[in-house]
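# A look at the structure
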Amino acid sequence: MENKKSKVTTCTLPVVGMGCAGCAVRVDKTLHEVKGVREAGVNFAAQTAQIIFDNDLCSVEKLKAAVQAAGYDLLIEDRDRAAATAEKLRKEHYAQLKRSCLGAWILAVPIMVGSMLFTDITYVRYALWIASTISLFVFGREFFVNAWHQLLHFSFNMDSLVANSTGIAYLFSVFNLFFPEFWIGHGIEPHLYFETASGLIAFILLGRTLEARAKQRTSTAIERLIGLKPKRVTIVDQEGERKIPISRIKRGQIIVVHPGERIAVDGTVTEGSSYVDESMLNGEPVPVYKEAGAKVFSGTANREGAFRFRAEKVGDETILAQIIRMVEEAQGSRAPIQNIVDKIAGIFVPAIISIAILTFCAWYFLDPTDGFSHGLSTMMTVLVIACPCALGLATPTAIMVGIGRGAEAGILIKDAESLQTARHIDTVVLDKTGTLTEGHPEVVDMIWTKGELHKAVLAGLEKLSEHPLAEAVVRALKQDPTPHIDHFINIAGEGIRGKVEGKAYYVGNGTSLEADDIKISDEIRSAAALWLKEAYTLVWFADEYEVLAVLALNDRLKATSAEAVATLHKMGIEVCLLTGDHQASAEAAARKAGITRIKAGVQPQDKAAYIKSLQAEGHCVAMVGDGINDSAALASADLSIAMGQGSDIAVDSAQVTILSSDLKKISEMIRLSKATMHTLHQNLFWAFIYNTISIPIAAGVLYPVFGTLLPPMVGGAAMAFSSVSVVTNSLRLKRARLTE
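The structure presented is a predicted model; accordingly, all values stated were derived computationally and were not measured.

Below, the discussion takes up unusual backbone geometry. Looking along the chain, the bond that leaves D480 and enters P481 is cis, with omega of 10°. Along the chain, P481 falls in the loop between α18 (470-477) and β18 (486-491). One non-glycine residue, E501, lies in positive phi territory at about 55°. On the accessibility criterion, E501 (81% relative accessible area) is exposed. The phi dihedral of D517 falls on the positive side, at around 55°, and the residue is not glycine. Relative to the helices and strands, D517 resides in the loop between β20 (503-508) and α19 (522-533). The exposure class assigned to D517 is exposed, which follows from its relative accessible area of 66%.

Right, here's the structure in full:
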């Protein structure tokens, strides 16, 4: 996404070649060192990099070159092609992992059995060597290749630890196999560690395979959204009906939608009618009726009927494309807490290598009898049991699943920081029109003095009016055809006048009725007085002698607004109404919604000041508005939430966008934030605890008490389990309950 005015580009690019959290830290550091890069963040779980750079100083080609020089790669093709390439590479890598894991285990089992029972047979010892060689350098080849690439760039990652531990065990065993007399001459019995090396490879490959499988499930929200787009559509032109790929759709083309098909792009219905499932937009299961003139949106599903519509937004302009882009960027973003984790991951591998060497030295010098063998075993165990991957996966997997869960519920969260902030919200400020209410006036009641004989006249006059209320009156009266209007005039501040068959009529706010000696019946007066108390807007209709009707209009409260406010109150969150409407109208809406704190008659430029006053009182404030006239207040709030539906939604104007405009989604979003951060903290706690406890045990701290050491293979299995457990814990968010 390019900002033409500031010449700054923001992009999210797939990264290839990252094997652990240390890799993500290195890529992040590399990107920050490129001239012109303003911000960069690498997400290990998503395998993406979010980059903001100055176009005059940098380009995606320069970024790619820098990352390649560091031993990785960036995919800089267009969005769809890059995503497809990245997905293809992930699937190929997963398939390769499964093959390698299967092969490693097929060899590891007989190697372990042979090492335990038959090492006194010479040809078995050589068979173990050959099988172990295949296990390490065929099925475990990736660890050594990646470790070598890291070494060439003076860097280390998890593959470096695996390659070091298994490589040392293998080389030491080969030396002992061919030159046993060296140790025998020193009074030491030579041991073979082929089962340790091959077992480690098998366990770690199993862990990587399970981890890759689990990580694939964290991105199901994106896959589901992409799956909502049909591959081909039916268009109608001079050649008749024909099928074309979705990529060839152009604005203005007429598209046919048959029963059961998904809508490909955004547009307006031109012919036919049907019910359309828009749950991907609003999260509601009830289908929406569509007829000529209605808007339809990409990704929604047609039910039984058939219709045609004109394409208006195609490609990246569609609402579905915007949602996919927003979810991708959000899942690739970093929570503030991730910065601390990345700093730890950046020094983790060198620190573990140092600890492993110190462990070997300590055993060698402190245990004269078995110091060498015990030192070698503990060194290998320390190298493999330490796991920066668990730390690296703790935050991004929770964020990815949480944001994906929100997208599936119709809640678009812009970035990880917003998700982290939402759990602290204690005050929600609501705009009135379009947020608390439907956003468009409707006739809620009317009274006529002479039956309804003059309905067509009133409808005819209002059809000529440009007043915002006129459309609501015409819609309520449902009169077609209407009589011809003569001498139509618009009187500023009063209303409209016109003649039908020589008789004059007036429609307006009633300010000129008494001055013109127009008769108003007692029934009309009492009804009008009652409606004014309810803060309804009145439309008066009269002829030359008397009032014929009065209509009450109101911007209705949304069906779920009162329930949503009550839910927020139950959660201990204060709700305030902030509106530019007059006090009576605001009080009436607030009373129905259950809101007690009101600030009415506020100009747009003063709304931000009200938000700041709440913050000065110590509140963490979420502002909910339409993202346009509330922009200053949204920018001032701790969390900005835009309510919108369909193509009118301002996806980029707020930190959170509620697609359905349903206020109940606010409480769901706060619950999602709390659940996500709780899961994230669980992940970090167990990742830190795992490493804090496992490294000393691997080094042999319990040996004086129990007389046994932790085998390297058990260490490898524990390391694999730690990464898988973090991802699996994050996946529990898919089942998080967001409603009461």
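On to the sheet that holds strand β10 (residues 274-277), then. Sheets are built from strands paired through backbone hydrogen bonds, the pairs being either parallel or antiparallel. Pairing within the open sheet is antiparallel, and its 3 strands lie in the order β11-β10-β13. A single partner strand is all that each edge strand has here, and the edge strands are β11 (288-290) and β13 (301-302). Looking at chain direction, β10 and β11 are connected through 3 bridges and run antiparallel. Of the residues in β11, the one forming a bridge with S274 is K290.

Right, let's talk about a nonpolar patch on the surface for a bit. On the surface, V109, V113, M116, L117 and F118 cluster together to form a nonpolar patch covering roughly 490 Å² of accessible area. Mapping V109 onto the fold places it in helix α3 (residues 79-117).

What follows deals with the sheet that holds strand β14 (residues 307-313). Spatially, β7-β6-β8-β14-β9-β12 is the arrangement adopted by the 6 strands of the open sheet, whose pairing is antiparallel. The open sheet is flanked by β7 (240-245) and β12 (295-296), the only strands paired with a single partner.

Next up on the list: the packing of helix α6 (residues 158-178) against helix α13 (residues 371-385). It is the contact of α6 with α13, at a shortest axis distance of 8 Å, that shows an interaxial angle of 155°. Between α6 and α13, the angle is such that the two are roughly antiparallel. Crossing handedness for the pair α6 and α13: left-handed. Across the interface between the two elements, M158, L161, N164, S165, I168, A169 and F172 of α6 pack against F372, L376, M379, M380, L383 and V384 of α13.

Glancing now at the pairing of strand β6 (residues 232-237). Two elements, β6 and β7, share 6 bridges in a ladder whose sense is antiparallel. The partner of R232 across the bridge, within β7, is P245. Joining the antiparallel neighbours β6 and β7 is a turn of 2 residues. Where β6 lies against strand β8 (residues 254-257), 3 bridges are found, and the strand directions are antiparallel. Counterpart to V236 in the pairing with β8 is I254.

So, on to the packing of aromatic side chains. In this structure the tally under the stated criterion is 18 aromatic pairs. Where F137 meets F144, the ring centres are 5.1 Å apart and the plane angle is 45°; that geometry is what we call tilted. Seen from their ring centres, W363 and Y703 are 5.2 Å apart, and the 80° between their planes marks the pair as edge-to-face. Within this pair, whereas W363 is found in helix α12 (residues 338-366), its partner Y703 is found in helix α25 (residues 703-706), the two being separated by 340 residues in sequence. On the basis of relative accessibility, which here comes to 25%, the residue Y703 falls in the partly exposed class.

Bringing the pattern of salt bridges into the picture now. All chains considered together, the criterion is met by 18 salt bridges. The salt bridge partner of R242 is D237, with a shortest N-O separation of 2.7 Å. Between E471 and R475 there is a salt bridge, with the nearest N and O atoms lying 3.6 Å from each other. On the criterion of helical spacing, the pair formed by E471 and R475 is a turn pair, its members being 4 residues apart in helix α18. The class for E471 is exposed, based on a relative accessible area of 56%. Salt bridges here are not isolated pairs; linked through shared partners, they connect D237, E239 and R242.

Right, let's get into the confidence of the model for the chain. Of the residues in the chain, 91% have a pLDDT of 70 or more, and the chain-wide mean is 84. This stretch, residues 1-5, has a pLDDT under 50; its non-local contacts, to residues over four places away or in other chains, come to 7 contacts. Across residues 646-651, confidence stays below pLDDT 50; counting only partners more than four residues off in sequence or on other chains, it has 16 contacts.

It is worth spelling out the nonpolar core at this point. Core analysis: the largest hydrophobic core is formed by 146 residues, its most contacted members being L31, I51, L430 and I641. Sorting elements by how many residues they give to this core places helix α24 (residues 664-699) first, with 11 residues. In this structure, L31 is in contact with V37, A40, V42, A49, I51, L63, V67 and L74, ignoring residues within four places of it in sequence. Formed by 21 residues, the second largest nonpolar core is a distinct cluster that contains W448, V457, V500 and V539.

Criteria and cut-off values
Residues numbered from 1 in each chain as written. Predicted model: local features only at pLDDT ≥ 70, side-chain atom pairs only at ≥ 80, totals over all residues. Heavy atoms only, no water. Helix = DSSP H or I, 4+ residues; strand = E, 2+ residues; numbered from the N terminus. Buried < 20%, exposed > 50% of the residue type's maximum accessible area, 1.4 Å probe, protein only. Pairing = 2+ DSSP bridges. Patch = residues over 30% accessible without salt bridge, like charges linked within 9 Å, V, L, I, M, F, W, Y side chains within 5 Å. Areas by Shrake-Rupley, 256 points an atom, 1.4 Å probe, with all protein chains shown as cover. Salt bridge = Lys/Arg side-chain N within 4 Å of Asp/Glu carboxyl O. Axes fitted to C-alpha atoms, helices over the stretch in contact; angles between N-to-C directions. Parallel < 35°, antiparallel > 145°, perpendicular 65-115°, else oblique. Left-handed = near helix turned anticlockwise from the far one by under 90°. Contact = heavy atoms within 4.5 Å. Phe/Tyr/Trp six-rings, centres within 6.5 Å; stacked < 30°, edge-to-face > 60°. pLDDT = per-residue confidence, 0-100. Core = buried A, V, L, I, M, F, W, Y, C linked by side-chain atoms within 4.5 Å.

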